[in-house]
Protein chains: 2
Amino acid sequence: MLAGDRLSLARLLTRVENDSPEGRAALVELFPYTGKAHLIGVTGAPGTGKSSLVNQLALHYRRQADQRVAIVAVDPSSPFTGGAVLGDRVRMRDLSGDPQVFIRSMASRGSLGGLAQATAGMVQVFDAAGFDVILIETVGAGQSEVDIARLAHTTLVVEAPGLGDDIQAIKAGILEIADILVINKADRPGVENTERALKSTLELAHPAQRIFLHHGQVMEVKSGDLRSAQGDISTMWIPPIQKTVSTEGRGIPELVEAIARHAEHLRQSGDWVARERARLEVELEMLIQEALLARFREDVPAQKVQQVIEQMVKRDLSPWEAVKSLMNGRSK
Amino acid sequence: MLAGDRLSLARLLTRVENDSPEGRAALVELFPYTGKAHLIGVTGAPGTGKSSLVNQLALHYRRQADQRVAIVAVDPSSPFTGGAVLGDRVRMRDLSGDPQVFIRSMASRGSLGGLAQATAGMVQVFDAAGFDVILIETVGAGQSEVDIARLAHTTLVVEAPGLGDDIQAIKAGILEIADILVINKADRPGVENTERALKSTLELAHPAQRIFLHHGQVMEVKSGDLRSAQGDISTMWIPPIQKTVSTEGRGIPELVEAIARHAEHLRQSGDWVARERARLEVELEMLIQEALLARFREDVPAQKVQQVIEQMVKRDLSPWEAVKSLMNGRSK
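This is a predicted model, so every value here is computed, not measured. (Residues numbered from 1 in each chain as written. Chains lettered and ligands numbered in written order. Predicted model: local features only at pLDDT ≥ 70, side-chain atom pairs only at ≥ 80, totals over all residues.)

Considering the overall build of chain A
Condition: Counting from the N terminus, the helices are the DSSP runs of H or I reaching at least four residues and the strands are the DSSP runs of E reaching at least two. Contact between two residues is assigned when their C-beta atoms, built from the backbone, lie within 7 Å.
If you tally the helices and strands in chain A, you get 14 helices and seven strands. The contacts of chain A with a sequence gap of at least 6 include a subset with a gap of at least 24, amounting to 76%.

Here it is, written out as structure tokens:
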């Protein structure tokens, strides 16, 4: 796989996704080779055209910069069916046949933690395999996407005009993870409203930039200009708003430029290492939780757990008492 | 609180939400009083008008059946700000002043597991306090909503016409948790498309009902009629599609009727107890995970964890090796 063999890569990805012992062993061995790729998260509500945007980004990185591109498309909204991820067909049409592009879709399987963990594993494999850019696409705007976004160096939050009335209010949370805001489908009516709403939410999330909003031009300030013009906030990154029409490729070069500026900012400010550390901390915590639960299941017989649940159903034992009884039984 | 004192109830809810020792002790004591309320989950994408629908349901239960109603509104999409939940103001206008209604909003705080667990605790308090109907409202359509929906006996999935083009494809997962499908804002253009899309997704999720779709009338078949007409699938519940215009109260009595039919179905089929058991199992697992992690944090010094993370950042230690080293350090 390290020599660039696609079949080995595909096999290893499956093992990592299935969390098999071979997959785990491989991750241990590959870990020293990781840490080079630029991980780009792309998230946003349904209907924003994320998949098509991710395709365009991949095409651009291939054609303009000859970079090796991996796409991990994650759909946490389908926990039961494990069905196909959106946009797969479009993707195949545009990108298939290029040996320097690798696409992998994942639907949730069981626990959310499991999904974030599997994604982290896949990203490590692509990173070790020498892919320069890894695009992590998630559907939706909930906690799951936030968890997955934490894996990325640069997170794009994608919006589109006219997606319902109370969406604006919801964005506050997801905006706080955005490094770059993308208004896709920017040829649609209502794009000014979307932009205005984003600007005001952004102002709430980044109160420091109110100074600039007084001058009425903050969103036009490039991070580079900002750095030179404003001494004291030179290390601050204000998420720019980029407008795209991904179906036509409009705005993609500018978006790629903004992503590059963000990577540059991360490196200069020391945030690249800080994010790396935060990412590894989150991953460690996920793995510890899993290991603890696995050990618990080994120590406590399933039968004992069932007995306790029966007592709970009869209201003879409260959930807290049940935990206490199971945890004590274990340390014996 | 058991005597109906609102102030005690409010205080206890805060303690349970904050996961304080007093809150936990109270949950243990209150547990024998739980298991009577009908827990109704209401979930769906932003823009569907869920909050207004929940209000109308609450009003209906108050006015038509004189039932005590609690509303727990959960917003998992705002993990950082912990801001106010949507629709609070509308809610206050319609329902405030009625002592038999209690409304509680929650935004995510830190971990998702924490949110589902806090919601479970709040629901137990309301249940013990003698509320007949507990409406659990969640925003969005991701894994978090699924987890919270698992708390309910009856889950309503709310849709609305014209919420973007690729939403239809996303629904498959969330549909599988739906006991009743609601098309709200049914006076809007595109309602026929939404209904058609729901019917075909439903057909995929419940292949057994294809027989009825051949007769072209499955969605019109009431579960009661189905039970008498079809011997072999008499215990099967096919999610009905209910159309509402919640701003005008249209379709609410029919929706309440469908909810009652579902409760009746759960009781007759034995699913009520089965769901109760599944619910308690999930809750037990959440609490066990938390207890295991708490014990781990007691056993392993934070300094040791930081050392291990530094080694990971330097690529000297893979995440899997880090877990092994920390777990072994612990059992010493």
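On we go from here.
Focus: the packing of helix α12 (residues 271-299) of chain A against helix α13 (residues 302-313) of chain B
Put simply, the rule is: For helices, the axis comes from a line fit to the C-alpha atoms of the stretch in contact; other axes are also lines fit to C-alpha atoms, and the angle between any two N-to-C directions lies between 0 and 180 degrees. The scheme is simple: roughly parallel for angles under 35 degrees, roughly antiparallel for over 145, roughly perpendicular for 65 to 115, oblique for anything else. Here a crossing is taken to be left-handed if its near helix is turned anticlockwise relative to the far helix by less than a right angle, and right-handed if that turn runs clockwise. We call Asp, Glu, Lys and Arg charged. Ala, Val, Leu, Ile, Met, Phe, Trp, Tyr, Cys and Pro are nonpolar, and the rest, Gly among them, are polar.
One can describe the packing of α12 of chain A onto α13 of chain B by two numbers: an axis separation of 10 Å at closest approach and a directional angle of 120 degrees. Taken together, the axes of α12 of chain A and α13 of chain B lie oblique to each other. Pair α12 of chain A / α13 of chain B crosses with right-handed handedness. On α13 of chain B, the residues that touch E276, R277, L280, E281 and L284 of chain A of α12 of chain A are I309, M312 and V313 of chain B. By residue class, the composition of the contact of α12 of chain A with α13 of chain B is five nonpolar, no polar and three charged.

Describing the pairing of strand β6 (residues 180-183) of chain A
All names here are of chain A. Spelled out, the test is: Backbone-placed C-beta atoms define the burial measure: a residue is buried with 20 or more other C-beta atoms within 10 Å of its own, exposed with 12 or fewer, and partly exposed in between. For two strands to be treated as a pair, DSSP must find no fewer than two bridges joining them.
Side chains I180 and V182 of β6 all project onto a buried face; the interleaved residues L181 and I183 project onto the opposite face, where all are buried too. Summarising the sheet, strand β5 (residues 154-159) and β6 pair through four bridges and their orientation is parallel. What sits directly across from V157, in β6, is L181. Sheet analysis places β6 next to strand β7 (residues 241-243), joined by three bridges and oriented parallel. By the bridge assignment, I183 is partnered in β7 with K243.

A few points about helix α1 (residues 6-17) of chain B
Residues and elements named next belong to chain B. Let me state the cut-off plainly: A helix is expected to span 1.5 Å for every residue after the first. Note that the arc is computed from the directions linking the helix axis to the C-beta atoms.
With twelve residues, α1 ought to run about 16 Å at 1.5 Å a step, and its terminal C-alpha atoms sit 16 Å apart, in line with that. Within α1 the residues assigned to the buried category are L9, L12, L13 and V16. All buried residues of α1 fall inside an arc of 105 degrees around its axis, so they share one side. Of the exposed residues in α1, those oriented more than 90 degrees away from the buried face are L7 and A10. D19 sits one or two residues past α1 and shows a positive phi near 55 degrees.

Considering helix α3 (residues 50-65) of chain A
Residues and elements named next belong to chain A. A rise of 1.5 Å per residue sets the reference length of α3, with its 16 residues, at 22 Å; its end C-alpha atoms lie 22 Å apart and thus fit the reference within 8%. Residues of α3 that are buried: K50, S51, S52, L53, V54, N55, Q56, L57, A58 and Y61. In the stretch just after α3, D66 is the one whose phi turns positive, near 50 degrees.

Some details on the pairing of strand β4 (residues 133-138) of chain A
All names here are of chain A. Buried residues dominate β4, accounting for six of its six residues. Covered by surrounding structure in β4 are V133, L135 and E137 together with I134, I136 and T138, the residues of both alternating faces. Across five bridges, strand β1 (residues 38-44) lies against β4 in parallel orientation. Note that in β4 the partner of G41 across the bridge is I136.

Overview of the environment of A10 of chain A
Topologically, A10 of chain A is positioned in helix α1 (residues 6-17). Residue A10 of chain A is classed as partly exposed on the basis of its 13 C-beta neighbours within 10 Å.

Structural notes on unusual backbone geometry
Residue and element names in this part refer to chain A. Positive phi values are uncommon outside glycine, yet D19 reaches one of about 55 degrees. By the secondary structure assignment, D19 is in the loop between α1 and α2 (21-30). Phi at R315 is positive, roughly 65 degrees, even though this residue is not glycine. You can see R315 is positioned in the loop between α13 (302-313) and α14 (319-331). The exposure class assigned to R315 is partly exposed, which follows from the 13 C-beta atoms found within 10 Å.

Examining the environment of I71 of chain A
Structurally, I71 of chain A can be placed in strand β2 (residues 69-75). Every residue in contact with I71 of chain A, bar those within four places of it in the chain, is listed here: V54, A58, I103, R104, L135 and E137 of chain A.

Here's the deal with the environment of I180 of chain B
Residues and elements named next belong to chain B. Within the secondary structure, I180 is located in strand β6 (residues 180-183). It is 8.4 Å that separates the C-alpha atoms of I180 and H262, two residues lying 82 residues apart in sequence. Non-local contacts of I180, meaning those with residues more than four positions away in its chain, are made with T154, L156, P239, P240, Q242, A258, I259 and H262.

Thoughts on the confidence of the model for chain A
Predicted coordinates in regions of low pLDDT should not be interpreted in detail. Residue and element names in this part refer to chain A. Keep this limit in mind: Each residue carries a pLDDT score, the predictor's confidence in it, ranging from 0 to 100.
Here chain A averages 79 in pLDDT, while 73% of its residues score no lower than 70. In this model residues 78-87 is a low-confidence stretch, pLDDT under 50, and it forms 30 contacts with partners more than four residues away in sequence or in other chains. Throughout residues 208-234 the model reports pLDDT below 50, and contacts reaching past four residues in sequence, or to other chains, amount to 24 contacts.

As for the packing of α3 of chain A against helix α11 (residues 252-269) of chain A
Two quantities define a packed helix pair, namely the angle between the axes and the distance from one axis to the other. Residues and elements named next belong to chain A. With their axes 10 Å apart at the nearest point, α3 and α11 run at an angle of 75 degrees to one another. Considering their axes alone, α3 and α11 lie roughly perpendicular with respect to each other. Where α3 approaches α11, its residues Q56, L57 and H60 are matched on the opposing element by I252, P253 and V256. Taken together, the residues of the contact of α3 with α11 break down into four nonpolar, two polar and no charged.

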